[in-house]
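Residues per chain are reported as follows:
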Amino acid sequence: MESLKNATVIVTGASSGIGKATALAVARRGANVVVADLDDSGAGAVVEQIEALGVQALAIHSDVGDDNAFSVLRDETLTEFGRVDVVMNNAGVLTRGLPEEIPVAEWERVLNINLMSVVRSNAVFLPILLEQGSGHLVNTASFAGLYSYAYDRTPYAASKAAIVQLSEALVLYLRPRGIGVTVLCPGPVETNIMASIRTFGQETATRGPGAQFGIKQPEEVGELVAEAIVANTFMLPTDNQVVDVLVDRARDWDGFITKSIAAWADTPIRPVPQSGASL
Ligand code: NAD
């Protein structure tokens, strides 16, 4: 899209963190924004901030895990703004535990919220974007979907890897039809995601994606996303140093795994939050 001015942008998970920052970044560029989230008071506060920028915003209570969430989003957005230009599938949840300790039901919950939400979103919004021959999709994945730096978040990593592949196939199809796709792959970003994490079983040694990656602020990421929509960029990591990791792995995948396993020997076991560990 050449410009976000007067565009209608839907962002899921927009009450907090990366979604909120992106909602504000596109609003600063003149877009009207649908703020979709489970958290109504957070959404209301974001709407006030967006309206203060001189554009329109609409809060919609939305659980992306629900079957009909996206048809509600479509209908309410079309009623309010008459069009849809950008859909950012951003809401996501994180679960932690050893592979044998994460219940199957938790796998299903995480895949439903993180991955199947994108599938349901596409089923509702692709026909509209294809019909108008313009628009843009942003899917939030993660460094965890690009390479495995930890073994205690398998459902999350699998959901994010699937989002990367789904997005790559979509861009092959959609770009020639006038529709852009961006897959946002954040490294560490200071948001509220750890507040909603579920933990199963014993404490695990946990690792981040690498010491070279500093913690970004969500505002910085929101700006990157807004720029990527206008520039029609597909792959959007929050730190380009991730490319070195991927090249290293591609050159010698088994060697990369051997090095990763060796690094675990030095990883201390850190306390992890136990709250919210229920099903
Ligand atoms: P956050 O917790 O600050 O924001 C997530 C928002 O999503 C919250 O407002 C929450 O209420 C909402 N949400 C959760 N479940 C929902 C549901 N079922 N339906 C609708 N809304 C729901 O976290 P964040 O870090 O901004 O996370 C946004 C995305 O970024 C997620 O997909 C996450 O996996 C991804 N991500 C974050 C990081 C990081 O370091 N923060 C790294 C990689 C990827």
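Structure: above.
Presented here is an overview of the structure given in this document. Values in this document were obtained by computation on a predicted structure and should not be read as measured data.

## Considerations on the overall build of the chain
Thinking step 1. When its secondary structure is counted, the chain shows 8 helices and 9 strands.
Thinking step 2. Against the 2.2 N^0.38 benchmark of 19 Å for 279 residues, the chain shows a C-alpha radius of gyration of 19 Å, consistent with a compact globule.
Thinking step 3. The C-alpha extent of the chain, read off along each of the three principal axes, is 55 × 40 × 30 Å.
Thinking step 4. The buried share among the 279 residues of the chain stands at 51%.
Thinking step 5. Considering only residue pairs separated by 6 or more positions, the chain has 78% of its internal contacts joining residues 24 or more positions apart.
Thinking step 6. Taken together, the 20 basic and 32 acidic charged side chains of the chain have centroids lying 4 Å from each other.

## What to know about the sheet that holds strand β3 (residues 57-61)
Thinking step 1. Ordered in space as β3-β2-β1-β4-β6-β7-β9, the 7 strands form an open sheet in which the pairing is parallel. Two strands bound the open sheet, and with one partner strand each, they are β3 and β9 (235-237). On average, adjacent strands in this sheet sit at an angle of 15° to one another, irrespective of strand direction.
Thinking step 2. As paired elements, strand β7 (residues 179-185) and β9 share 3 bridges and run parallel to each other. When the bridges of β9 are listed, Val-183 appears paired with Met-235.
Thinking step 3. Where helix α4 (residues 104-132) meets the sheet, its contacts fall on β1 (8-12), β4 (86-89), β6 (135-140) and β7, and the angle it forms with β6 comes to roughly 170°.
Thinking step 4. Strands β6, β7 and β9 of the sheet are contacted by helix α5 (residues 154-174), whose axis makes an angle of about 160° with β7.

## Structural notes on the nonpolar core
Thinking step 1. Counting 49 residues, the largest nonpolar core has Leu-73, Phe-125, Phe-143 and Tyr-147 as the members making the most contacts within it.
Thinking step 2. When contributions to this core are tallied by element, the ones reaching two or more residues are β2 (32-37), β3, α3 (69-81), α4, α5, β7, α7 (242-251) and α8 (253-264).
Thinking step 3. Counting residues per element, this core draws most heavily on α4, which supplies 9 residues.
Thinking step 4. Sequence-distant contacts of Phe-125, that is, excluding residues within four places in its chain, are made with Ile-10, Phe-70, Leu-73, Arg-74, Val-84 and Val-87.

## Observations regarding the packing of aromatic side chains
Thinking step 1. Going through the model one piece at a time under the given rule, you end up with 4 aromatic pairs.
Thinking step 2. Both rings, one in Phe-143 and one in Phe-213, keep their centres 4.9 Å apart while their planes meet at 70°; by these two values the pair is edge-to-face. Of this pair, Phe-143 sits in the loop between β6 and α5 while Phe-213 is found in the loop between β8 (198-199) and α6 (218-231), placing the two residues 70 residues apart along the sequence. Each member of the pair Phe-143 and Phe-213 is classed as buried.
Thinking step 3. Members of the aromatic cluster, each reached through a chain of ring pairs, are Phe-143, Tyr-147, Tyr-149, Phe-213 and Phe-256.

## What to know about the site of the ligand
Thinking step 1. Close contacts around the ligand come from 27 residues, with Ser-16, Asp-37, Asn-90, Tyr-156 and Thr-191 the closest.
Thinking step 2. Contacts to the ligand include Asn-90, whose backbone N or O atom sits 2.8 Å from an oxygen atom.
Thinking step 3. Ile-193 is positioned with one of its backbone polar atoms (N or O) 3.3 Å from an oxygen atom of the ligand.
Thinking step 4. Protein contacts shield 91% of the accessible area of the ligand, which totals 830 Å² for the unbound molecule.
Thinking step 5. Breaking the shell around the ligand down by element, the ones donating at least two residues are α1 (17-28) and α5.

The rules behind each value
Residues numbered from 1 in each chain as written. Predicted model: local features only at pLDDT ≥ 70, side-chain atom pairs only at ≥ 80, totals over all residues. Heavy atoms only, no water. Helix = DSSP H or I, 4+ residues; strand = E, 2+ residues; numbered from the N terminus. Rg over C-alpha atoms; globule rule 2.2 N^0.38 Å. Buried < 20%, exposed > 50% of the residue type's maximum accessible area, 1.4 Å probe, protein only. Contact = heavy atoms within 4.5 Å. Lys, Arg positive; Asp, Glu negative; His and termini not counted. Charge placed at Lys NZ, Arg CZ, Asp CG, Glu CD. Pairing = 2+ DSSP bridges. Axes fitted to C-alpha atoms, helices over the stretch in contact; angles between N-to-C directions. Core = buried A, V, L, I, M, F, W, Y, C linked by side-chain atoms within 4.5 Å. Phe/Tyr/Trp six-rings, centres within 6.5 Å; stacked < 30°, edge-to-face > 60°. Near = heavy atom within 4 Å. Polar contact = N/O pair within 3.5 Å; in protein donor to acceptor, adjacent residues only side chain to side chain. Areas by Shrake-Rupley, 256 points an atom, 1.4 Å probe, with all protein chains shown as cover.

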